[in-house]
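One-letter residues, chain by chain:
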Amino acid sequence: MTGSPVTPPDRQARAVRLGPRSVAALILVSAVGVAGFGWPFLAPPDASLNAHTQDAPWLFAGLLVLLVAVVAATISESGLGPKAVAMLGVLAAAGAALRPIGAGTAGLEPMFFLMVLSGRVLGPGFGFVLGSVTMFASALLTGGVGPWMPFQMLAMGWFTMGAGLLPGPDRLRGRAELLMLAAYGFLAAFAYGTVMNLAGWTFMNTLASNIAFDPDASVASNLARFLAYCLATSLGWDGGRAAMTVVLTLTLGAPILRALRRATRRAAFEAPITFEDPITFEDPEKANGPA
């Protein structure tokens, strides 16, 4: 007696399976994003880019908007179907609604733990789109639209995508998974704050502070200035964000992970949609059956 291969019952469904084009688009936008965030350390002091310190963030912001849109379109073309779009809308709306709850209070932003859990369940491709769309929606909701918004969209896309790249998506469950997600959320919350500091640091006036970006200084000097800037302006905020992400992940993570996984199973993202031909009866006697 022979049987057909059986798919493991705990295999985690993916709302989006990344193809070669999607991966290439993600690599491209990430490379441009690294340049957009890190150009103060990548450009030598005598580079012409340093003569446009106040203009460069605007240039990269405009470029990132276009590239994030291209990535979202490419991933959508790879298989972001109606059911995945519906889930994307629900989770993005929930994340956008959660963000203002702790805004202005020591970095207590509950949105981040939802992004970690969603990226874990739905995968890196869906996670990147979700993080970017959620940050865009929350910026519109809170009026936080500015040259920093594209950087926030990209950083949150990386943040959520990273959760989808964590090991053991099909097998690791229970307390061990929650601890891994909490550790990731803790470290990624600080990483998010650090890269966002890079986006805003160059807007500071050198004459106003000795921790501002100095286009005439060496890379080592600017690195020391940037570290001092992070310690002075965002360490407490990033710590609050990281702590809340850990607490919410450990306390609410298990039921939310179960709910997200149940929703993905019922949505059956990976099940092919087929249409059967309707039954027709050409002979009236066959349609009426035997006499």
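Not measured: the values here are computed from a predicted model.

**Focus on the overall build of the protein**
Right, so step 1: A tally of regular secondary structure across the protein gives ten helices and zero strands.
Right, so step 2: In the protein, the succession of helices and strands from N to C terminus is α-α-α-α-α-α-α-α-α-α.
Right, so step 3: The buried share among the 291 residues of the protein stands at 46%.
Right, so step 4: Counting only contacts in the protein whose residues sit at least 6 apart along the sequence, the fraction spanning at least 24 positions is 80%.
Right, so step 5: When the accessible area of the protein is evaluated, it comes to approximately 14800 Å², of which 68% is carbon and sulfur surface.

**A few points about a positive patch on the surface**
Right, so step 1: Taken together, Arg173, Arg258, Arg262, Arg265 and Arg266 make up a surface patch of like positive charges.
Right, so step 2: Tracing the chain through its elements places Arg173 in the loop between helix H6 (149-164) and helix H7 (175-201).

**Side note on the packing of helix H1 (residues 20-42) against H7**
Right, so step 1: Interaxial distance between H1 and H7 falls to 9 Å at its minimum, and their mutual angle equals 70 degrees. When the interaxial angle is binned, H1 and H7 end up roughly perpendicular. The two elements H1 and H7 cross, and the hand of that crossing is left-handed. When H1 is examined against H7, the residues Phe37, Pro40 and Phe41 are found in contact with a partner set consisting of Val195, Met196, Leu198, Ala199 and Trp201.
Right, so step 2: Class assignment of the residues belonging to the contact of H1 with H7 gives a composition of eight nonpolar, no polar and no charged.

**Let's talk about the pattern of salt bridges**
Close approach of charged atoms allows side chains with opposite charge to pair.
Right, so step 1: A complete count under the given rule lists four salt bridges for this structure.
Right, so step 2: One salt bridge in this structure joins Arg241 and Glu109, with 3.0 Å as the shortest N-O distance. Separated by 132 residues along the polypeptide, Arg241 in helix H9 (residues 235-267) and Glu109 in the loop between helix H3 (82-98) and helix H4 (111-122) bring together distant segments of the chain. Each member of the pair, Arg241 as well as Glu109, carries the same accessibility label: buried.
Right, so step 3: When the shortest N-O distance is used, the salt bridge between Arg241 and Asp238 registers 2.8 Å.

**A look at the packing of aromatic side chains**
Right, so step 1: All chains considered together, the criterion is met by five aromatic pairs.
Right, so step 2: Between Phe112 and Tyr192, the ring centres sit 5.1 Å apart and the planes meet at 70 degrees, which makes this aromatic pair edge-to-face. Of the two residues, Phe112 sits in helix H4 while Tyr192 sits in helix H7, which places them 80 residues apart along the sequence. Residues Phe112 and Tyr192 agree in their burial class; the two are buried.
Right, so step 3: Clustering of aromatic rings is evident, with ring pairs tying together Phe112, Phe159, Tyr184 and Tyr192.

**Some words on H3**
Right, so step 1: The first and last C-alpha atoms of H3 sit 24 Å apart over 17 residues, in line with the 24 Å expected at 1.5 Å per residue.
Right, so step 2: All buried positions along H3 are accounted for by Ala84, Met87, Leu88, Leu91, Ala92, Gly95 and Ala96. Taken around the axis of H3, the buried residues stretch over an arc of 160 degrees, which confines them to a single face. Residues of H3 that are exposed and point over 90 degrees away from its buried face: Pro82 and Val90.

**Here's the deal with the confidence of the model for the protein**
Right, so step 1: With 67% of its residues at a pLDDT of 70 or more, the protein has an overall mean of 76.
Right, so step 2: When mean pLDDT is taken per element in the protein, H4 scores highest with 92 and helix H10 (residues 284-288) scores lowest with 54.
Right, so step 3: Confidence over residues 1-9 falls short of pLDDT 50; this stretch has one contact with residues more than four positions distant or in other chains.
Right, so step 4: Within the model, the stretch residues 49-53 combines pLDDT values under 50 with 13 contacts to residues more than four positions away or in other chains.

**Examining the side chain of Ser132**
Right, so step 1: By the element assignment, Ser132 lies in helix H5 (residues 124-142).
Right, so step 2: Overall, Ser132 belongs to the buried group, its relative accessible area being 3%.
Right, so step 3: At a separation of 3.2 Å, a polar atom in the side chain of Ser132 contacts the main-chain carbonyl oxygen of Met153.

**Overview of the nonpolar core**
Right, so step 1: Of all hydrophobic cores here, the largest spans 52 residues; its most connected members are Phe37, Phe126, Met156, Phe159 and Tyr192.
Right, so step 2: Counting residues per element, the ones that place at least two in this core are H1, H3, H4, H5, H6, H7, helix H8 (219-233) and H9.
Right, so step 3: Ranked by the residues each element gives to this core, the list is headed by H7, at ten residues.

**With respect to the environment of Leu42**
Right, so step 1: By the element assignment, Leu42 lies in helix H1.
Right, so step 2: The spatial distance from the C-alpha of Leu42 to the C-alpha of Val219 is 8.3 Å, given a sequence separation of 177 residues.
Right, so step 3: For Leu42, the contacting residues outside a window of four places in its chain are Val34 and Ala35.

What counts and what doesn't
- Residues numbered from 1 in each chain as written.
- Predicted model: local features only at pLDDT ≥ 70, side-chain atom pairs only at ≥ 80, totals over all residues.
- Heavy atoms only, no water.
- Helix = DSSP H or I, 4+ residues; strand = E, 2+ residues; numbered from the N terminus.
- Buried < 20%, exposed > 50% of the residue type's maximum accessible area, 1.4 Å probe, protein only.
- Contact = heavy atoms within 4.5 Å.
- Areas by Shrake-Rupley, 256 points an atom, 1.4 Å probe, with all protein chains shown as cover.
- Patch = residues over 30% accessible without salt bridge, like charges linked within 9 Å, V, L, I, M, F, W, Y side chains within 5 Å.
- Salt bridge = Lys/Arg side-chain N within 4 Å of Asp/Glu carboxyl O.
- Lys, Arg positive; Asp, Glu negative; His and termini not counted.
- Charge placed at Lys NZ, Arg CZ, Asp CG, Glu CD.
- Axes fitted to C-alpha atoms, helices over the stretch in contact; angles between N-to-C directions.
- Parallel < 35°, antiparallel > 145°, perpendicular 65-115°, else oblique.
- Left-handed = near helix turned anticlockwise from the far one by under 90°.
- Nonpolar A, V, L, I, M, F, W, Y, C, P; charged D, E, K, R; others polar.
- Phe/Tyr/Trp six-rings, centres within 6.5 Å; stacked < 30°, edge-to-face > 60°.
- Expected span 1.5 Å × (residues − 1).
- Arc of directions from axis to C-beta.
- pLDDT = per-residue confidence, 0-100.
- Polar contact = N/O pair within 3.5 Å; in protein donor to acceptor, adjacent residues only side chain to side chain.
- Core = buried A, V, L, I, M, F, W, Y, C linked by side-chain atoms within 4.5 Å.

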